[in-house]
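Per-entry structural report
Residues per chain are reported as follows:
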Amino acid sequence: MSPDGQAASCPAGTATRGAYTIRGSMHALSIRNLRKTYPNGIEALKGIDFDVAPGDFYALLGPNGAGKTTAIGIICSLVNKTIGTVQIFGHDIDTDLAAAKACIGLVPQELNMNLFETVQNIVTNQAGYYGIPRRKALQRAEQYLQELRLWDRRHEPARNLSGGMKRRLMIARALIHEPRLLILDEPTAGVDIEIRRSMWDFLQRINAAGTTIILTTHYLEEAEHLCRHVAIIDKGTIIENARMSTILRKLQREVFVLSLREPLASAPVLPGFEAALRADGELEVAVDADHSLNDMFQALNDRNIAVVSLRNKANRLEELFMRLVEGKSAGQAEAAG
Amino acid sequence: MNLSLNFVALKTIVRKEVVRVLRIWVQTIFPPAITMTLYFIIFGNLIGRRIGDMGGYDYMQYIAPGLIMMSVITNSYGNVVSSFFGAKFGRHIEEMLVSPMSNATIILGHVAGGLIRGLLVGALVTVVALAFTRVEVRHPLITLSMVLLSSTVFALAGFINAIFAKKFDDISIIPTFVLTPLTYLGGVFYSISLLPEFWQRLSLANPILYMVNAFRYGVLGTSDISIATAYAIVLLFVVVLFAVSLALLNRGIGIRE
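**What about unusual backbone geometry?**
All names here are of chain A. The phi angle at Glu178 is positive, at roughly 50°, despite the residue not being glycine. With a relative accessible area of 27%, Glu178 lands in the partly exposed category. With phi around 50°, Glu186 is a residue other than glycine that occupies positive phi space. Its place among the elements puts Glu186 in the loop between strand E7 (181-185) and helix H6 (193-208).

**A word on the pairing of strand E4 (residues 83-88) of chain A**
Residues and elements named next belong to chain A. Burial of E4 is one-sided: the residues Gly84, Val86 and Ile88 facing one way are buried, the residues Ile83, Thr85 and Gln87 facing the other way are not. Sheet topology places strand E1 (residues 29-37) next to E4; five bridges connect them, and they run antiparallel. Bridging from a neighbouring strand, Ile31 pairs with Val86 of E4. Where E4 and strand E5 (residues 91-92) come together, two bridges link them in antiparallel fashion. Across the sheet, residue Gln87 finds its bridge partner in E5, namely Asp92. As consecutive antiparallel partners, E4 and E5 are separated by two residues, and within that stretch Phe89 has a phi angle of approximately 45°, a positive value.

**Notes on helix H4 (residues 59-89) of chain B**
Over its 31 residues, H4(B) runs 43 Å from end to end, which matches the ideal 45 Å to within 8%, given 1.5 Å per residue. At the exit of H4(B) stands B:Arg91, carrying a positive phi of roughly 65°.

**Quick look at the sheet that holds strand E13 (residues 283-288) of chain A**
Residue and element names in this part refer to chain A. Pairing in this open sheet of four strands is antiparallel, and the strands run E12-E13-E11-E14 from one edge to the other. Two strands close off the open sheet at either side, each with one partner strand: strand E12 (274-277) and strand E14 (307-312). Looking at each pair of strands side by side, their axes are set apart by 25° on average, direction ignored. Taken together, the four bridges between E12 and E13 define a ladder with antiparallel strand orientation. Looking at the pairing, Ala275 lines up with Val285 of E13.

**Notes on the interface of chain A and chain B**
Each partner contributes residues to the interface: chain A has 34 residues there, and chain B has 25 residues. Both faces combined, the contact of chain A with chain B buries some 2,600 Å², and carbon together with sulfur accounts for 52% of it. A per-residue breakdown of the area chain A buries against chain B is headed by A:Leu78, A:Asn112 and A:Tyr129, which together make up 28% of the total. In this assembly, chain A and chain B are joined by two salt bridges. B:Glu95 is the partner of A:Arg173 in a salt bridge, and the nearest nitrogen-oxygen pair spans 2.7 Å. Within the residue set of the side of chain A that touches chain B, elements represented by two or more residues are helix H2 (97-102) and helix H3 (119-129) of chain A. When residues in the side of chain A that touches chain B are grouped by element, the largest group, six residues, is from H3(A).

**Side note on the pattern of salt bridges**
When their charged atoms lie close together, side chains carrying opposite charge are able to pair. All names here are of chain A. Taken as a whole and judged by the stated rule, the model has 20 salt bridges over all chains. A salt bridge links Lys81 to Asp94; its shortest N-O distance comes to 2.9 Å. With a gap of 13 residues between them, Lys81 in the loop between helix H1 (68-75) and E4 and Asp94 in the loop between E5 and H2 connect regions that are remote in the sequence. What makes Lys81 partly exposed here is its relative accessible area of 24%. One connected set of salt bridges, linked through shared partners, spans Arg278, Asp280, Glu282, Glu284 and Arg311.

**Observations concerning the nonpolar core**
Core analysis: the largest hydrophobic core is formed by 114 residues, its most contacted members being A:Leu29, A:Val86, A:Ile88, A:Ile183, B:Phe40, B:Leu67 and B:Phe84. In terms of residue count, H4(B) provides more of this core than any other element does, 17 residues in total. A:Ala172, A:Ile195, A:Ile206 and A:Phe321 belong to the second-largest nonpolar core, a separate cluster that totals 52 residues.

**What about the confidence of the model for chain A?**
Residues and elements named next belong to chain A. Model confidence for chain A is summarised by a mean pLDDT of 87, while 88% of its residues fall at 70 or above. Highest mean pLDDT in chain A belongs to H3 (98); lowest belongs to helix H10 (residues 316-336) (63). Low pLDDT, under 50, characterises residues 1-6; the stretch is placed with 13 contacts to residues that sit more than four places away or in other chains. The model gives residues 13-24 a pLDDT under 50, and that stretch makes 23 contacts with residues more than four places away or in other chains.

Thresholds applied
- Residues numbered from 1 in each chain as written.
- Chains lettered and ligands numbered in written order.
- Predicted model: local features only at pLDDT ≥ 70, side-chain atom pairs only at ≥ 80, totals over all residues.
- Heavy atoms only, no water.
- Buried < 20%, exposed > 50% of the residue type's maximum accessible area, 1.4 Å probe, protein only.
- Helix = DSSP H or I, 4+ residues; strand = E, 2+ residues; numbered from the N terminus.
- Pairing = 2+ DSSP bridges.
- Expected span 1.5 Å × (residues − 1).
- Axes fitted to C-alpha atoms, helices over the stretch in contact; angles between N-to-C directions.
- Contact = heavy atoms within 4.5 Å.
- Buried area = accessible area lost by both parts, 1.4 Å probe.
- Salt bridge = Lys/Arg side-chain N within 4 Å of Asp/Glu carboxyl O.
- Core = buried A, V, L, I, M, F, W, Y, C linked by side-chain atoms within 4.5 Å.
- pLDDT = per-residue confidence, 0-100.

Okay, structure coming up:
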């Protein structure tokens, strides 16, 4: 047991958050040739490999059924793998499972708490499962429930909480043993914008304090805003894995929607750009990598078209994501044909 | 294994189970007391007066240890099966599965929860029995050890039932079609010496017979079977059921895909 009474040891890194001693090239998470075939024959993971560096904020993206939740389930020992290796801060889940588990905090996609239990008991019980004595657990519970604005509701059963509060409670529960790796599986699904933004701020703070975070989300804006690395998984294979900035640079074309001061009767001809008039009178202009926004405005000025405001038609990452996923499907169909 | 971690985790599960039992006392503690009061009134008082002595004791005295043991067994089983299956059904079993505590700790914590509820209900039924008859414990050590061992056996059996259960029906099938018949045929209400020889021999295959009789021996000093045999059988069940529970949990049967 460590001096502060925390028994859930995540050794090797001699962890105190924000001050890790990292052994050699050890990753926060390292996955090699991970495969999962369910008893019904569905091959959810077809041999994926990826590493997450300590301190990273990592997005694992993919369409529904891509294999994200299966991968997370295996990392957290909720799903048995078929083959492959998973190491968490150097601890192999096959040979050093308890130490590996002690390093992870999980916020799952589905609610998985006893709704009849009080908010405080849910987090203190979780601390107990990690060997944290009750006195220490109560102190930590106050800290995290305060931070996640649930302290006033601590004596209420979890079923009395709103959807957003339940999600925050799952985050507090996942953090109670102060894990070095926090995995969040769609933590902001169904949460309103204000709470989502406050959750983003909170996650950025704990990441800045040293916690490695892996996030899956359907809100690609969320991934773009928070994450420094991204892996895109589709049909059980990783189809992209790079720094967020590198991935976004791959975007060869962006489409902007312009509000115009004077309505146009038809789409203007803008040399070097594709322009289309929308039903609501706004103008869509596609800008490829060879042109800048200045070029576009120059072309509009030349035609005396005044622009009031401008926005992206789609989130940049969303656009790339769709292109990658659809491109892969088309490629597979071609190969099959 | 990190012993201090697992000790704290064990205390946490036990605390959680006690909180659960007390939170829903109307479902967990109260009904067995009512049921056993009815047994004492109907079987002990009304019908028992016509039956006369059994094993040298009046009928009420004779059935009291059996009824206490019956309530301990059913409540130990019921607590673990409903708590663990409830955790599976509500998916909050994942709280334990993602943690570094050992599978043995998960089993021991739930068994302890079953033991505590079994003993609480057993104590309450004893108080009820005292309102109807005298209960003098002849062999306290045998009485206590047998109630603890029997409670452990059925808490473990409840745990295995919960592991395999996929729906709520599955946690009532075993208690209804196996546990209750075995309990009723386990010598709670009669001495097996009253049965024809064939049925006497068949009764010896019923593990509950050994528990009830050993417990009755502890309380009254009378038993249909050898106490040493009873201890051997009950201990064997504890070891085998714990090993089976641990193997199932280690393989993730019923809890991991």
